[in-house]
Amino acid sequence: VETQTPVPEARLLVVEDEPNIRELLATSLRFAGFEVETACDGATALALAEESEPDLVVLDYRLPRMDGLEVLRRIKTTRPEVEVIMLTAHGSVEGAVEAMKLGAFDYLNKPVDLEELRLIVAKALESMRQSHERDYLRSRIDKQNTSHEIVGRSERITEIKKLIDQI
């Protein structure tokens, strides 16, 4: 399986309380060309997410003092555009469903296949890039939409506005 080229200058945050796993994940992602910061707990992760504004967070489900779901919830509240990939050694369907409801991009069980993680990170960043591109194009179309300059509310004017929007 071929690794996709990372998004240029993509910043990642790896949140894992186990030092060896944290360093392995960070090293693997750096080797793939990403800029990576690390955190060992939820509070540090939230501070780094605010400070360094990562594009993507790789987040362990079980963390000391604040679990990964709470970190996910807080990140998505302040920066909904950030993609989050959850990791867990104690996977459950309920946990995965909850993480996805809160906005996680994906949910992986440990031990993590590093190649699979790199591919999912690249896929999440590409999805994010496409979303930004769609938003940009929609805003350009909205600015160019002249039907909003037509004054009137009659049925015929409404039909004309719809026709212009379709064109």
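Relevant structure appears above.
As a starting point, this report considers the structure included with it. Keep in mind that what you see is a predicted model, and the values were worked out from it rather than measured.

Parameters and conventions
- Residues numbered from 1 in each chain as written.
- Predicted model: local features only at pLDDT ≥ 70, side-chain atom pairs only at ≥ 80, totals over all residues.
- Heavy atoms only, no water.
- Core = buried A, V, L, I, M, F, W, Y, C linked by side-chain atoms within 4.5 Å.
- Buried < 20%, exposed > 50% of the residue type's maximum accessible area, 1.4 Å probe, protein only.
- Contact = heavy atoms within 4.5 Å.
- Patch = residues over 30% accessible without salt bridge, like charges linked within 9 Å, V, L, I, M, F, W, Y side chains within 5 Å.
- Areas by Shrake-Rupley, 256 points an atom, 1.4 Å probe, with all protein chains shown as cover.
- Salt bridge = Lys/Arg side-chain N within 4 Å of Asp/Glu carboxyl O.
- Lys, Arg positive; Asp, Glu negative; His and termini not counted.
- Charge placed at Lys NZ, Arg CZ, Asp CG, Glu CD.
- Helix = DSSP H or I, 4+ residues; strand = E, 2+ residues; numbered from the N terminus.
- Phe/Tyr/Trp six-rings, centres within 6.5 Å; stacked < 30°, edge-to-face > 60°.

**Looking at the nonpolar core**
Reasoning step 1: Counting residues in each nonpolar core, the largest one holds 23 residues, and the members touching the most others are Leu 59 and Met 86.
Reasoning step 2: Aside from chain neighbours lying at most four places away, what touches Met 86 is Leu 59, Asp 60, Tyr 61, Gly 68, Leu 69, Leu 72, Ala 99, Ala 104, Asp 106, Tyr 107 and Leu 108.
Reasoning step 3: Counting 21 residues, the second-largest nonpolar core is a separate cluster that includes Val 36, Leu 56, Val 58 and Leu 125.

**Here's the deal with a negative patch on the surface**
Reasoning step 1: Together, Glu 9, Glu 35, Glu 37 and Glu 51 make up a region of like negative charge exposed at the surface.
Reasoning step 2: Within the fold, Glu 37 resides in strand 2 (residues 35–39).
Reasoning step 3: For Glu 37, a relative accessible area of 31% puts it in the partly exposed group.

**Some words on the pattern of salt bridges**
Reasoning step 1: This model, assessed by the stated rule, comprises 11 salt bridges.
Reasoning step 2: The closest approach of N and O atoms between Arg 65 and Asp 41, which form a salt bridge, is 3.4 Å. Taken together, the residues Arg 65 in the loop between strand 3 (56–60) and helix 3 (68–78) and Asp 41 in the loop between strand 2 and helix 2 (42–52) connect sequence positions 24 residues apart.
Reasoning step 3: Accessibility expressed as a relative area gives 10% for Asp 41, which makes it buried.
Reasoning step 4: The partner of Glu 126 in a salt bridge is Arg 129, and the shortest N-O contact between them spans 2.4 Å.

**Here's the deal with the environment of Thr 38**
Reasoning step 1: Mapped onto the elements of the fold, Thr 38 is located in strand 2.
Reasoning step 2: For the pair Thr 38 and Asp 17, spaced 21 residues apart in sequence, the C-alpha separation works out to 9.8 Å.

**With respect to the packing of aromatic side chains**
Reasoning step 1: Enumeration according to the criterion identifies 1 aromatic pair in this entry.
Reasoning step 2: Relative to Tyr 107, the ring of Tyr 61 lies with its centre 6.4 Å away and its plane at 80°, an arrangement referred to as edge-to-face. Within this pair, whereas Tyr 61 is found in the loop between strand 3 and helix 3, its partner Tyr 107 is found in strand 5 (residues 106–109), the two being separated by 46 residues in sequence. Here Tyr 61 matches Tyr 107 in class, with each residue buried.

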